[in-house]
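# Observations on the model geometry
Letter by letter, the chains look like this.
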Amino acid sequence: MTLFSGGNVLFGPDDARELAGAYVPFVVWFNFLAGFFYVLAGIGIWLGRAWAFGLSALIAAATAMAALVFGIQVLQGSAFEMRTVGALAVRTGFWAVIAMLLFRRTGRP
């Protein structure tokens, strides 16, 4: 879904950008590119690969950093959609929980 929705805003028709509202371009790019890593991490988790923990932790940290930069832009007065706040929070929390569960399962990074 991340690849589809982000790709639609970035590369799709003007209607898609209009429906996205006051989106922040770097967040859309970040989410679109992160979508490829989501798929890779999912494959690694499915296959039980040890590197899936590190990738999941990296995704969580990178998403938290994107959220921080987004927050700074918002505080400086940039227009934004409230759903972006929720999406970044959910994505950060989701990948943090996944990384913690993988760490508990393997007992090592």
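Residues numbered from 1 in each chain as written. Predicted model: local features only at pLDDT ≥ 70, side-chain atom pairs only at ≥ 80, totals over all residues. Heavy atoms only, no water.

## Considerations on the side chain of R91
Tracing the chain through its elements places R91 in helix α5 (residues 82-106). No salt bridge is formed by the buried R91, whose closest oppositely charged neighbour, E81, lies at an N-O distance of 13 Å. For R91, the contacting residues outside a window of four places in its chain are T2, N31, Y38 and T63. (Helix = DSSP H or I, 4+ residues; strand = E, 2+ residues; numbered from the N terminus. Buried < 20%, exposed > 50% of the residue type's maximum accessible area, 1.4 Å probe, protein only. Lys, Arg positive; Asp, Glu negative; His and termini not counted. Salt bridge = Lys/Arg side-chain N within 4 Å of Asp/Glu carboxyl O. Contact = heavy atoms within 4.5 Å.)

## Points about the nonpolar core
Ranked by size, the top nonpolar core spans twelve residues in total: A34, Y38, A41, A52, F53, L55, I59, A60, W95, I98, A99 and L102. Those elements that place two or more of their residues in this core are α3 (25-46), α4 (51-75) and α5. It is α4 that provides the largest number of residues to this core, a total of five residues. Here I98 is in contact with I45 and S56, once residues within four sequence places are set aside. Among the nonpolar cores identified, the runner-up in size contains five residues, and V9, A20, V28 and F32 belong to it. (Core = buried A, V, L, I, M, F, W, Y, C linked by side-chain atoms within 4.5 Å.)

## What to know about the side chain of T92
On the secondary structure map, T92 appears in helix α5. Sequence-distant contacts of T92, that is, excluding residues within four places in its chain, are made with A60, T63 and A64.

## Looking at the confidence of the model for the protein
Mean pLDDT over the protein works out to 91, with 97% of the residues at or above the 70 mark. Across the protein, α4 holds the top mean pLDDT of 96, while helix α1 (residues 2-11) sits lowest at 82. (pLDDT = per-residue confidence, 0-100.)

## Remarks on the packing of α1 against α3
Packing of α1 against α3 brings their axes to within 8 Å, and their N-to-C directions diverge by 145°. α3 is crossed by α1, and the crossing has left-handed handedness. The residues of α3 that touch α1, namely those facing T2, L3, G6, G7, V9, L10 and F11, are V28, W29, N31, F32, G35, F36, Y38 and V39. (Axes fitted to C-alpha atoms, helices over the stretch in contact; angles between N-to-C directions. Left-handed = near helix turned anticlockwise from the far one by under 90°.)

## Comments concerning the pattern of salt bridges
Under the definition given, this model contains one salt bridge. A salt bridge links D14 to R17, with the shortest nitrogen-to-oxygen separation between them at 2.7 Å. With D14 and R17 both in helix α2 (residues 14-20) and three residues apart, this pair spans about one turn of that helix.

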